[in-house]
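Each chain, written out:
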Amino acid sequence: MRKKLYLLAAIDLLFIMVTFFTCWKISLALIILSLLTGICGLSFLVLNKLFKKTNYWKNLFDFQKRFVSNEGYRDNISRNYDIINLGSNPAMFAFFYEQVRGQNWSTGSQGLSMDFEILKYFHSYLRDGGIVLIPIMPFTAISQYLKNKPEYWSDNYYMKFASILDGYQANHLNGAKNYLLMLKCPLLYNIKGIKYLFHDVERDHRLEIAEQPMQALDMEQDARLCIQSWMKEFDVTDMEAFYSDKFAEYYEEGTQILRDMINYCLERNYKPVIITIPMTSYLGEMFNEEFRQKMVKDFVSKANEKDVLFLDYWNQRVFTDSSLYFNSFYFNLRGRKLFTAQVLKELGLMS
């Protein structure tokens, strides 16, 4: 970016020198215009740099410190991990590794296809025979539907993956050039972001919450809001619609991705483990057995041709206790530690 600006400045200076000998008035006008352009350009660069220091921007990439790359790699250059997990937001708040060499490779909002891309790029940091946890959320089976919804899988969604994947993978994301430029000059694509220079958001400290701040009525409301949000996200009006023919194409696509992920792990002597993430009883009660059967159990059964281990914690009573969460779905720090310890014991990584 800077090289291009220097080149444009040099061309502009040369043009001014040429016109000076033919018409000094035009030359003077060009000098003034160049000065104004330079001031505007310099101001933009300064604002762009300041924007990258805002909490709003830092929150988008806070996950990077969990990866052996970019922002986090100099502080975390370990290899030979015993276990890693993929997955979206519930997985980010579900795993906390202690006493084992483990990493949480969830970036927050993260579809199954991006799980696979992250696995492809970072798998070499796993030891031979290392465990790959592949979390299945309530809507993982049809998450590919969201590639048609730019308001959900937005520029920010793809940009964060462009920031951690290698150049080849990043260049194969839809609109890759835009995302790579957005990482360098975010204000060029989001000029409204200037507002965060004056009224910034708070840093995201949710991973540090160790207790349940909600009361029972709050959790009931939060659970209802989760369901409403998912219905809006997938353009449905009732729970049965989630496993209708409307999503058949995306269900098949998701099945194939999960099948390919399992094979990818086995071919490299890793141990893939499919796992569901618990939730509070407030949210769990809103999914009936038919939903769980079609959207999770049948989905896993269809993709799991190699019969790898499937740990289903969805309705385990010990983990439906709301005191282990900070809302109706995400574990707090205490719950995260207890759940991870249980998973590690079941996998033989803890006694």
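Anyway, here's the lowdown on the structure attached to this text. If you're wondering where the values come from, they're calculated on a predicted model, not measured in any experiment.

When you go through the chain residue by residue, the secondary structure sums to 13 helices and five strands. The burial tally for the chain puts 48% of its 351 residues in the buried class. Relative to all contacts within the chain whose residues are 6 or more apart in sequence, the contacts with residues 24 or more apart total 74%. Just so you have it, the chain exposes about 18,300 Å², and 56% of that area is on carbon and sulfur atoms.

Among the 11 residues in strand E3 (residues 126-136), eight count as buried, and that is most of the element. Two elements, strand E1 (residues 81-85) and E3, share four bridges in a ladder whose sense is parallel. Note that in E3 the partner of Ile84 across the bridge is Val132. Pairing geometry for E3 and strand E4 (residues 271-276), over six bridges, is parallel. The residue bridging Val132 from the neighbouring strand is Pro272, located in E4.

Locating Phe44 in the fold gives a position in helix H2 (residues 24-51). Apart from the residues lying within four places of it in its own chain, the contact partners of Phe44 are Cys185, Leu187 and Leu188.

What follows deals with a nonpolar patch on the surface. A cluster of nonpolar side chains, namely Leu42, Val46 and Leu50, defines an oily patch on the protein surface of about 270 Å² accessible area. By the secondary structure assignment, Val46 is in helix H2. Exposure remark for Val46: the relative accessible area of 44% places this residue in the partly exposed category.

Attention shifts here to helix H12 (residues 289-303). The terminal C-alpha atoms of H12, which comprises 15 residues, lie 20 Å apart, in line with the 21 Å expected from a rise of 1.5 Å per residue. Tucked inside the fold, the buried residues of H12 contact helix H5 (112-122), E3, helix H10 (248-267), E4 and strand E5 (310-311). Taking the backbone nitrogen of Glu290 as reference, a side-chain oxygen 3.2 Å away marks Asn288 as the first, capping residue of H12.

Compared with an ideal rise of 1.5 Å per residue, which puts 20 residues at 28 Å, H10 spans 29 Å between its outermost C-alpha atoms and is within 8% of the ideal. For H10, every residue scored as buried is listed here: Tyr250, Tyr251, Gly254, Thr255, Ile257, Leu258, Arg259, Met261, Ile262, Asn263, Tyr264 and Cys265. On the buried face of H10, the contacting elements are H5, E3, E4 and H12. Two residues or fewer after H10 comes Asn269, characterised by a positive phi angle close to 65 degrees.

Our next topic: the pairing of E4. Of all six residues that make up E4, five are buried, and the element is covered over most of its length. Bridge analysis of E4 against E5 gives two bridges, and the strand direction is parallel. From the neighbouring strand, Ile275 faces E5, where its bridge partner is Leu311.

On to the side chain of Asn304. In this fold, Asn304 is placed in the loop between H12 and E5. Given the relative accessible area of 11%, Asn304 is considered buried. A polar atom in the side chain of Asn304 sits 2.8 Å from the backbone nitrogen of Val308. Aside from chain neighbours lying at most four places away, what touches Asn304 is Ile262 and Ile274.

Let us now look at the nonpolar core. By size, the foremost hydrophobic cluster in this structure holds 81 residues, and its most contacted members are Phe242 and Phe287. For this core, the element with the most residues is H10, which contributes eight residues. Residue contacts for Phe242: discarding those within four places in its chain leaves Phe139, Ile142, Trp230, Met231, Phe234, Val236, Phe247, Phe291 and Met295.

Turning to the pattern of salt bridges, a few remarks are in order. What the rule picks out here adds up to 15 salt bridges. Residue Lys149 is joined to Asp235 by a salt bridge in which the shortest nitrogen-to-oxygen separation is 3.2 Å. One end of the pair, Lys149, is in the loop between E3 and helix H6 (155-162); the other, Asp235, is in the loop between helix H9 (216-234) and H10, with 86 residues separating them in the sequence. A salt bridge links Lys302 to Glu252, with the nearest nitrogen and oxygen atoms 2.3 Å apart. In this pair, Lys302 sits in helix H12 while Glu252 sits in helix H10, placing the two residues 50 residues apart along the sequence.

This next bit is on the side chain of Gln212. Positionally, Gln212 belongs in the loop between helix H8 (176-184) and H9. One polar contact links the side chain of Gln212 to the main-chain amide nitrogen of Met214, over a distance of 3.0 Å. Among the polar contacts listed, one links the side chain of Gln212 to the backbone oxygen of Ser322, at a separation of 3.0 Å. Excluding residues within four positions of it along the chain, Gln212 makes contact with Met219, Ser322, Ser323, Tyr325, Phe326, Asn327 and Asn332.

Thresholds, definitions, all that
- Residues numbered from 1 in each chain as written.
- Predicted model: local features only at pLDDT ≥ 70, side-chain atom pairs only at ≥ 80, totals over all residues.
- Heavy atoms only, no water.
- Helix = DSSP H or I, 4+ residues; strand = E, 2+ residues; numbered from the N terminus.
- Buried < 20%, exposed > 50% of the residue type's maximum accessible area, 1.4 Å probe, protein only.
- Contact = heavy atoms within 4.5 Å.
- Areas by Shrake-Rupley, 256 points an atom, 1.4 Å probe, with all protein chains shown as cover.
- Pairing = 2+ DSSP bridges.
- Patch = residues over 30% accessible without salt bridge, like charges linked within 9 Å, V, L, I, M, F, W, Y side chains within 5 Å.
- Salt bridge = Lys/Arg side-chain N within 4 Å of Asp/Glu carboxyl O.
- Expected span 1.5 Å × (residues − 1).
- Polar contact = N/O pair within 3.5 Å; in protein donor to acceptor, adjacent residues only side chain to side chain.
- Core = buried A, V, L, I, M, F, W, Y, C linked by side-chain atoms within 4.5 Å.

Read these as geometric descriptors, not functional statements.
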